[in-house]
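Listed here are the chains, written in short residue letters.
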Amino acid sequence: EVNMKKFIFAYFVLFLIPPIISAVCIKPDENMEIKENIIFCSGFYYIKKGLNIAANSITVDCNSSVFVGDGIGYGFLLRDVENVVLQNCNISNFEIGIYLENANNSMIRSNYLVRNKFGIASFNSFNNNVNDNLFSNNINSNHVFYLSTPILQQEPLKQQEKELNVTPQQVIEEVIRIKKPFLEQ
């Protein structure tokens, strides 16, 4: 009976606790560099500088969080990476919602991009699956925009030139308006 209790305890410690620990959500920080699998805590985040996905073969799950910028920069940057999954993000009010540069064999799915200059922009990136994303009210592109030069080398938009001013309440209302039909199914 003592050996059985030790076995059950060891089984619990080795097999049941690690998945619980790894399922803990993380709150994003300004200029966060993501180098491992991550699940963000569901919420509303004002991120001026964007988030940098900086490792290969990882999954970033936004857990339906809303990320709002100040009209310039990017929401998520995937540069010089491959085999990345970016999913379940609501991204608004950036120059580029999701920017891929030299990012290959990655999956960008189930994201909602609203009121950015570009929803998703790509430069020198190949074999990426960017299906099942929703685009709404982006200034220049409501689809994936393929660039001929890297956007980060181009002059960024100045805040006063940006025609788009968005409040957190407007973003939440827009997300609910677009996603409501899907939630009722």
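Structure shown above.
Scoring rules and cut-offs
Residues numbered from 1 in each chain as written. Predicted model: local features only at pLDDT ≥ 70, side-chain atom pairs only at ≥ 80, totals over all residues. Heavy atoms only, no water. Pairing = 2+ DSSP bridges. Helix = DSSP H or I, 4+ residues; strand = E, 2+ residues; numbered from the N terminus. Disulfide = S-S within 2.5 Å. Buried < 20%, exposed > 50% of the residue type's maximum accessible area, 1.4 Å probe, protein only. Contact = heavy atoms within 4.5 Å. Polar contact = N/O pair within 3.5 Å; in protein donor to acceptor, adjacent residues only side chain to side chain.

Caption draft 1: Region of interest: the sheet that holds strand 8 (residues 85–87). Ordered by their spatial adjacency, four strands build an open sheet running 2-5-8-11, and the pairing between neighbours is parallel. Edge positions in the open sheet fall to strand 2 (38–39) and strand 11 (107–109), since each of these has one partner strand only. Pairing analysis gives three bridges linking strand 8 to strand 11, with the strands arranged parallel. Bridging from a neighbouring strand, Gln87 pairs with Arg109 of strand 11.

Caption draft 2: Representation of the sheet that holds strand 7 (residues 74–79). Reading across from one edge, 1-4-7-10-13-15 is the order of the six strands in this open sheet, with parallel pairing throughout. At either end of the open sheet lies a strand with only one pairing partner, and these are strand 1 (33–34) and strand 15 (141–146). Summarising the sheet, strand 7 and strand 10 (residues 96–101) pair through five bridges and their orientation is parallel. Following the sheet pairing, Arg79 is matched in strand 10 by Glu101.

Caption draft 3: Geometry of the state of the cysteines. In total, this model carries two disulfides according to the counting rule given. Disulfide partner of Cys25: Cys41, at an S-S distance of 2.0 Å. Note on the Cys25 and Cys41 pair: the S-S dihedral is about 90°, so by sign convention the disulfide is right-handed. With Cys25 in the loop between helix 1 (2–22) and strand 1 and Cys41 in the loop between strand 2 and strand 3 (44–46), this pair connects stretches of sequence that are 16 residues apart. By relative accessible area, which is 33% here, Cys25 ends up partly exposed. Across the disulfide, Cys62 is cross-linked to Cys89 (sulfur-sulfur distance 2.0 Å).

Caption draft 4: Highlighting the environment of Ser125. Relative to the helices and strands, Ser125 is located in the loop between strand 13 (118–123) and strand 14 (134–136). Once the C-alpha coordinates of Ser125 and Tyr146 are considered, the two residues, 21 residues apart in sequence, prove to be 9.0 Å apart. Not counting chain neighbours up to four residues away, the residues in contact with Ser125 comprise Leu100, Glu101, Asn102, Ala103 and Asn104. A distance of 3.5 Å separates the side chain of Ser125 from the backbone oxygen of Leu100, its partner in a polar contact. There is a polar contact of 3.0 Å between the side chain of Ser125 and the backbone oxygen of Phe123.

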